[in-house]
Amino acid sequence: MNLTDLTYLLPELILLLAATAVFLLDLLWLKRPGAEGKRALLPYVALVGLGLAALGLIPSLGGVRQVATMLAADPFAVFFKALAIIGVAVVILTAIPYLRGRTPYRGEFYALLLAVTLAVCLAVGATNLVLIYLGMEFLSITSYVLVGFLRHDCKSGEAALKYFLYGATASAVMLYGMSLLYGATGTTDLGGIAAAFASAPQGAGAGLAWLGTPAIILLLAGFGFKASLVPFHQWAPDTYEGAPTPVTAFLSTVSKATGFAVLIRVFMVVLAAMQYQWTALLIAVSIVTMTLGNLTALRQTNIKRLLAYSSIAQAGYILIGVAAVWMSGATFTGLNGVLIYLFAYLFTNVGAFAVVTAVESATGATEVKDYAGLVTRSPWLAGLLFVFLISLAGIPPTGGFMGKFFVFGAAVQQRLWVLVAIAAVNSVIAAFYYLNVVRYMFFTPAEEGAEPIGVAWPLRGALLVTAVLTLLLGLAPGPLITWATHSVQLLALR
Amino acid sequence: MHETSVAVPAIFNLVPILPFLPLAAFVLIVLWANRDKKLSAGLAIGGVGLSWVLGWAVAFTTFGIEGFGEPVRMFRDWLPTGRTWQAFGFAVDPLAAAMLIMVPFVCFLIFVYSVGYMGVGKPESDHDERGAPAEPGHVDRLASRFFAYIALFATGMIGLILADNLIMLLIFWEIMGLCSYLLIGFWFARKYDDPKQITPKEAGLKAFLTTRIGDTVMLAGIFLLYAQTQSLSFADIFKPETLERLATTTVNLPLIGATPWATLIGILIFCGAIGKSAQFPLHVWLPDAMEGPTPVSALIHAATMVSAGVYLAIRTFPLMQAVPHGPAMQFMAFIGAFTALFAATIAVAQNDIKRVLAYSTISQLGYMFAALGIGAYVAATFHLLTHAFFKALLFLGSGSVIHGMEHGHHAGMGQQVLGIRYSDTGDQYPIPNTHAFDPQDMRNMGGLFRRMPRTAWTFIIGGLALSGFPIVTAGFWSKDEILSDAFNGHTVVFITLALAALLTAFYTARQIVMTFFGAPRTAAAEHASEHDSIFAWMTVPLMALAVFAVAGGWVGIPREFPVLGALSTNPFHHYIEGLAEALEIHVEELPFNSVPLLTSLVVALGGLTLGWLVYRKFGVGAGLAPAHEGDREGSPLQIPDPLARPLGGLYTVLRNKYYFDEIYHAVFIRPVQRLATWLYRVDDLWVIDPLVDGVGKLWRGISEVGQWLDTHIVDGAVNGLAAVIGWCGGFVRVIQTGKAQNYLLVGLVTVSVLLGAFLLLPK
């Protein structure tokens with residue numbers, strides 16, 4: 001480790017400093033009388049911290065570098081760090097009006113969000129099983145706190161407890177898998193494990209392969225928990241429903257993306273020799289995930305639960321890209337589809353939750369039927385939610401379409417016809433419940449005396465950013481496609 | 001990326017924003033300004049006005065560049081398609097620049113005219129319905145929406161002429177398709193007493209569906225082109241080697257045999273132009289498009305929609321003539337010439353002032369296609385431009401006439417009302433008697449010259465330009481050029497077009513005489529006037545267009561023309577030649593020949609004189625009829641047309657437009673409706689529903705079997721097994737219990753099962 005390494009660690013360092021600063025400022029201003037105005041500045045301090053962290057990514061651009069033995073500053077990591085920073089920034093904007101009046105301890109919330117961003121940055125850059133585990137634990141534990149942040153809300157507490165119980169067990173199982181890998185190869189470094197697998201004798205009953213497959217299954221439990229893949233998804237609806245809505249937005253996008261990032265790095269780098277096994281497993285998981293997610297979403301009446309199941313189903317689609325990975329393809333490498341999908345999905349889903357936040361902040365309502373006649377109460381919100389929903393359904397000209405296009409394209413290229421057919425049928429089912437919400441918004445009259453819904457300024461900012469990007473990614477996807485393809489090709493395949 | 005030998009002027013950097021200025025107006029009106037009609041109108045006019053100023057700046061800059069031919073392209077990669085990228089971009093070449101002179105300017109004038117036509121600034125009438133024409137003296141309730149739509153329409157056309165590739169062109173093409181639908185059906189709530197008369201809503205649908213037929217065929221052509229060349233960029237497609245390859249490689253078509261790709265693709269793409277430019281046999285939508293507000297008719301007929309079809313044909317001309325004088329061009333010449341004559345014959349027997357103009361547009365577009373088909377590239381472009389000016393003038397003039405008639409009708413009727421209507425709040429207001437009177441029927445007019453002099457003068461100038469009145473009008477020069485090109489070896493086309501020109505002059509004279517001369521035939525015509533404040537907005541654009549309808553032709557006077565030729569440098573020909581050279585299109589400046597010149601003199605003057613002589617006496621002595629009489633005795637609608645007797649049955653056929661609407665209805669629409677009904681029966685009564693029922697019954701049977709198993713086997717087995725089956729039965733309900741321990745159980749069981757499967761399954 002030398003000093004130049006520090007420049008590659010700039011985002012992490014900045015995030016750490018910013019999180020500390022927000023904690024301290026909150027503490028300083030908390031007891032002072034009349035400092036309420038200053039405390040309202042805390043989210044903006046956090047946003048500045050995120051902005052600086054984004055600038056801190058600049059030295060890491062272009063090129064694959066090993067940093068401090070356990071971290072990589074490669075385009076793949078940079079992509080996910082950027083995704084996390086942007087995602088959390090939008091989440092903070094939605095949280096500002098949401099937290100007002102719900103809890104007095106708002107400063108900590110933003111500090112925790114910065115900390116969770118730091119955790120994501122560490123996890124996606126880690127090239128050592130130990131650091132991967134630590135990063136994911138850091139992410140999980142901070143997330144538990146965030147989910148249970150509304151202490152006086154029973155649902156929030158229940159959600160946090162379930163999430164914690166599930167997370168703890170999942171991480172234990174994952175750790176078991178990691179220990180198998182370590183036992184088999186004697187190293188925790190991803191490159192080292194890969195080298196050991198590559199040089200080991202192949203064939204039936206060979207020792208390494210014999211340990212490898214159980215390791216895949218066990219690791220999948222840990223990664224699948226983060227990415228909410230069936231059957232490790234069951235915490236998701238309860239947690240999503242109970243958590244503060246901005247946290248739900250975070251869990252369903254950035255946290256999920258982290259699960260995918262780690263999964264891709266470990267499976268692609270370490271277990272490349274065993275691709276046949278994990279591909280088969282992922283195809284099965286993908287099919288089950290999207291089908292179950294969509295079928296259950298059909299019957300939901302609560303918008304947050306509906307979006308929770310929809311987010312499970314979306315994870316199934318994203319997994320297609322990993323299952324159909326084909327690194328020599330020019331246009332569809334599978335993985336670039338995953339990256340495009342995750343990026344588009346980030347804005348779409350955070351945007352959808354931002355609309356939910358706006359409605360919830362104004363009226364407290366979270367049932368789908370409460371959205372009846374939204375178009376007359378707030379044409380903007382209805383219009384924006386419409387955009388987000390068609391993006392979720394994968395209808396052009398939205399980013400969601402581009403994501404599906406690239407993921408399905410990879411599956412077609414790999415001739416996974418059954419998977420493509422099932423995914424297509426699922427898309428149709430999904431369109432049904434997304435458009436059902438649209439039907440309520442536009443074609444069902446509002447209740448008598450329903451008032452117009454006002455939207456706070458920070459939330460307007462979040463809605464603007466997400467809506468514009470959702471549409472822009474569909475209309476001018478060129479830069480994202482180039483970026484994603486570039487980010488995947490340089491993923492350290494040592 | 002451009003390969004012009006000259007330095008590119010900086011003003012060209014503004015080209016990509018030209019289409020987006022009206023689009024910005026559209027967005028602003030839709031999102032923010034729609035409550036304020038004046039602001040909306042101002043935004044639309046401002047947006048297209050800026051486009052006009054910038055467009056002229058760009059165009060005049062190109063005129064200064066000697067030998068300008070290669071397009072200046074501005075584009076970015078946009079969508080990856082396989083190994084290539086589709087570009088998002090615009091290009092300027094002489095053709096686009098020449099169109100830039102016409103399109104935004106004419107759009108601008110039409111927008112200004114619309115302010116008066118829509119009554120912006122007048123109070124809103126309380127008993128106007130949304131989506132129906134406003135009463136005279138009131139503003140249309142949806143005027144803001146109207147301005148938003150026409151701004152979008154302008155976006156479509158400006159984007160189309162600047163498009164750098166076929167994808168861009170298609171996008172703007174479809175924007176226009178959408179706008180034509182929205183605008184033709186703008187008065188969607190309008191209903192007529194006569195159920196057979198087409199309503200604006202139906203007319204919009206008809207236009208959309210009819211043009212769609214052409215669009216679909218065109219899309220097939222574009223797909224084939226892409227499959228053959230791997231590119232849709234004009235710069236790539238029109239490379240000589242690409243065209244050479246398309247012209248030499250052939251495809252085996254059933255029945256026809258080996259056909260060069262260029263021919264097949266050219267014809268398919270031309271079908272899109274047939275739909276958009278309302279050529280036979282897809283011409284049926286254009287006359288009915290008259291149901292839209294008159295500025296829309298002017299937009300569709302002059303500056304946008306139908307010009308787009310011709311523009312497409314001119315744009316893709318290198319492809320059409322890749323096989324010189326091949327089937328693609330012959331097809332185009334045939335369709336064009338046939339349509340020119342066919343539509344002109346129908347126009348002779350129409351009585352609606354706008355419908356006459358509509359058929360004349362179809363006929364004139366046929367002229368342009370015929371010109372293209374015989375290879376007269378420059379002449380077709382020239383006629384497209386001059387026609388736009390005088391046709392816009394004629395349509396706006398007819399709108400002014402209609403408004404004047406409505407005012408006159410109102411004034412002439414006095415307080416006469418049909419009855420009293422009560423609103424929800426109990427207020428009562430009179431129902432004006434507007435239904436029985438058709439202000440567009442020329443038989444109701446007459447003698448408007450004295451009452452609406454500004455409209456009359458400008459309309460007559462436009463009419464003379466349309467009929468090709470010699471030497472002074474623009475129409476003469478462009479038509480003469482087409483005729484002299486046709487005379488050079490295309491005798492059939494020449495004769496057809498000359499006949500069409502004769503008919504054109506004839507029906508134009510008929511229209512002018514019936515509308516403006518003679519004595520007023522109704523009270524409405526008697527009281528018509530153009531002194532309301534709105535006419536200031538409406539007549540100024542007319543005068544501006546009238547100037548262009550005359551002077552616009554002077555840029556294209558052939559150098560060999562007697563006397564005048566010496567004064568002319570024929571700048572237009574010279575200018576477009578640059579492009580033609582760049583595209584390797586052969587353009588010849590023909591030696592002067594007096595036969596086509598004499599022909600055009602004879603047909604123009606002869607047609608006008610004939611029309612004057614036949615219709616001079618129309619309705620004279622019939623006296624003034626009360627306007628609300630409708631078809632009753634003594635109405636001017638009872639006056640027989642002077643042609644009705646000599647032409648006999650043919651006149652009836654012409655009047656009914658050769659019964660094309662009826663034929664299409666019987667051949668296409670009815671069978672489709674029957675098929676739909678039949679399929680509905682298949683679906684609901686015969687096949688699908690019984691199938692679904694059958695499946696339901698089957699499942700019931702299976703579940704009965706399951707029940708039998710349940711009671712006879714499960715109950716007999718141990719309780720544990722029963723519990724397991726029950727658990728499976730309510731799987732989904734059971735697993736999402738809300739209990740974290742159950743969730744964990746599912747996850748861990750899955751992991752264990754997978755591990756167990758790994759251990760037990762053979763390797």
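In this text the structure is predicted, and so the values were computed from the model without any measurement.

**A word on the pattern of salt bridges**
Once the charged atoms of two side chains with opposite charge are near each other, the side chains can pair.
All names here are of chain B.
Now for step 1: For the structure on display, the rule yields 20 salt bridges over all chains.
Now for step 2: A salt bridge links Arg73 to Asp164, with the nearest nitrogen and oxygen atoms 2.7 Å apart. Highlighted residues: Arg73 in strand E1 (residues 72-81) and Asp164 in the loop between helix H4 (143-162) and helix H5 (166-184), separated in sequence by 91 residues. This pair shows no difference in class: Arg73 is buried, exactly as Asp164 is.

**Digging into the side chain of B:Thr599**
All names here are of chain B.
Now for step 1: Among the structural elements, Thr599 can be located in helix H25 (residues 594-615).
Now for step 2: Taking the relative accessible area as the measure of exposure, Thr599 reaches 18% and is therefore buried.
Now for step 3: When sequence neighbours within four positions are dropped, the list of residues in contact with Thr599 reads Phe494 and Ala498.

**Topic: the packing of aromatic side chains**
Now for step 1: Per the counting criterion, the structure on display carries 62 aromatic pairs over all chains.
Now for step 2: Ring geometry for B:Phe60 versus B:Phe63: centroids 5.4 Å apart, planes at 85°, classification edge-to-face. Remark: B:Phe63 and B:Phe60 occur in helix H2 (residues 37-63); sequence separation between them is 3 residues, near one turn of the helix.
Now for step 3: Accessibility expressed as a relative area gives 46% for B:Phe60, which makes it partly exposed.
Now for step 4: The ring centre of A:Tyr98 lies 4.0 Å from the NZ or CZ of A:Arg102, which sits over that ring.
Now for step 5: The aromatic ring of B:Phe234 is capped on one face by B:Arg315, whose charged end is 5.6 Å from the ring centroid.

**Quick word on the nonpolar core**
Now for step 1: Counting residues in each nonpolar core, the largest one holds 221 residues, and the members touching the most others are B:Leu162, B:Trp285 and B:Tyr377.
Now for step 2: Of the residues forming this core, the biggest block, 20 residues, is contributed by helix H3 (residues 94-117) of chain B.
Now for step 3: What B:Tyr377 contacts, discounting residues up to four positions off in sequence, is B:Leu95, B:Ile314, B:Phe317, B:Leu372, B:Ile576, B:Leu579, B:Ala580, B:Leu583 and B:Ile585.
Now for step 4: A:Leu99, A:Phe109, A:Leu129 and A:Val488 belong to the second largest nonpolar core, which has 198 residues in total.

**A few points about the environment of B:Ala498**
Residue and element names in this part refer to chain B.
Now for step 1: Its location among the elements puts Ala498 in helix H20 (residues 491-516).
Now for step 2: Taking relative accessible area as the criterion, Ala498 reaches 9% and is therefore assigned buried.
Now for step 3: In this structure, the C-alpha to C-alpha distance between Ala498 and Ala337, residues 161 residues apart in sequence, is 10.0 Å.
Now for step 4: Residues contacting Ala498, with those up to four places away along its chain left out, are Leu483, Thr599 and Val603.

**Some words on a nonpolar patch on the surface**
All names here are of chain B.
Now for step 1: Together, Leu675, Trp678, Leu679, Leu685, Trp686, Val687, Ile688 and Val692 make up a nonpolar patch on the protein surface, roughly 770 Å² of accessible area in all.
Now for step 2: Contributing elements (two or more residues each) for the nonpolar patch: helix H28 (660-686) and helix H29 (688-714).
Now for step 3: Looking at the nonpolar patch element by element, the count peaks at 5 residues for H28.
Now for step 4: Using a relative accessible area of 46% as the deciding quantity, one classes Trp686 as partly exposed.

**Quick notes on the interface of chain B and chain A**
Now for step 1: Counting from both sides, the interface comprises 24 residues of chain B and, opposite them, 31 residues of chain A.
Now for step 2: Across the chain B to chain A interface the summed buried area is about 2300 Å²; carbon plus sulfur atoms make up 76%.
Now for step 3: Per-residue buried area on chain B facing chain A is highest for B:Gln736, B:Tyr743 and B:Phe758; these three make up 23% of the total on that side.
Now for step 4: At the boundary of chain B and chain A, one finds 1 residue pair in polar contact (both at pLDDT 80 or more).
Now for step 5: Those elements that place two or more of their residues in the side of chain B that touches chain A are E1 and helix H32 (740-760) of chain B.

**Things to note about the environment of A:Ala280**
Now for step 1: The topology assignment puts A:Ala280 in helix H13 (residues 275-297).
Now for step 2: Taking C-alpha positions, A:Ala280 is 7.5 Å from A:Ala323, a pair spaced 43 residues apart along the chain.

**Some details on the confidence of the model for chain A**
Do not read the fine detail of predicted coordinates wherever pLDDT is low.
Now for step 1: Per-residue confidence for chain A averages 88 on the pLDDT scale, and 96% of its residues sit at or above 70.
Now for step 2: When pLDDT is averaged over each helix and strand of chain A, the minimum, 76, is found for helix H3 (residues 36-39) of chain A and the maximum, 94, for helix H7 (residues 129-147) of chain A.

**Comments concerning the packing of H2(B) against H4(B)**
Residue and element names in this part refer to chain B.
Now for step 1: Two elements in contact, H2 and H4, have axes whose closest approach is 8 Å; the angle formed by their N-to-C orientations is 15°. Relative to H4, the element H2 lies roughly parallel. Note that H2 runs across H4; the crossing there is left-handed. Residues Lys37, Ser40, Ala41, Ala44, Val48 and Ser51 of H2 form the contact with H4, whose own contacting residues are Ala143, Ser144, Phe147, Ala151, Ala154 and Ile158.

**Concerning the packing of helix H9 (residues 261-276) of chain B against helix H14 (residues 327-348) of chain B**
All names here are of chain B.
Now for step 1: The interhelical angle for the contact between H9 and H14, taken along N-to-C directions, is 25°, at an axis separation of 8 Å. Classified by the angle between their axes, H9 and H14 sit roughly parallel to one another. Between H9 and H14 the crossing geometry is right-handed. Here Thr263, Ile267, Phe270 and Ile274 of H9 lie close against H14, whose contacting residues are Pro327, Ala328, Phe331, Met332 and Ile335.
Now for step 2: Of the residues contributing to the contact of H9 with H14, the split by class is 8 nonpolar, 1 polar and no charged.

The rules we used
Residues numbered from 1 in each chain as written. Chains lettered and ligands numbered in written order. Predicted model: local features only at pLDDT ≥ 70, side-chain atom pairs only at ≥ 80, totals over all residues. Heavy atoms only, no water. Salt bridge = Lys/Arg side-chain N within 4 Å of Asp/Glu carboxyl O. Helix = DSSP H or I, 4+ residues; strand = E, 2+ residues; numbered from the N terminus. Buried < 20%, exposed > 50% of the residue type's maximum accessible area, 1.4 Å probe, protein only. Contact = heavy atoms within 4.5 Å. Phe/Tyr/Trp six-rings, centres within 6.5 Å; stacked < 30°, edge-to-face > 60°. Lys NZ or Arg CZ within 6 Å of the ring centre and 35° of its normal. Core = buried A, V, L, I, M, F, W, Y, C linked by side-chain atoms within 4.5 Å. Patch = residues over 30% accessible without salt bridge, like charges linked within 9 Å, V, L, I, M, F, W, Y side chains within 5 Å. Areas by Shrake-Rupley, 256 points an atom, 1.4 Å probe, with all protein chains shown as cover. Buried area = accessible area lost by both parts, 1.4 Å probe. Polar contact = N/O pair within 3.5 Å; in protein donor to acceptor, adjacent residues only side chain to side chain. pLDDT = per-residue confidence, 0-100. Axes fitted to C-alpha atoms, helices over the stretch in contact; angles between N-to-C directions. Parallel < 35°, antiparallel > 145°, perpendicular 65-115°, else oblique. Left-handed = near helix turned anticlockwise from the far one by under 90°. Nonpolar A, V, L, I, M, F, W, Y, C, P; charged D, E, K, R; others polar.

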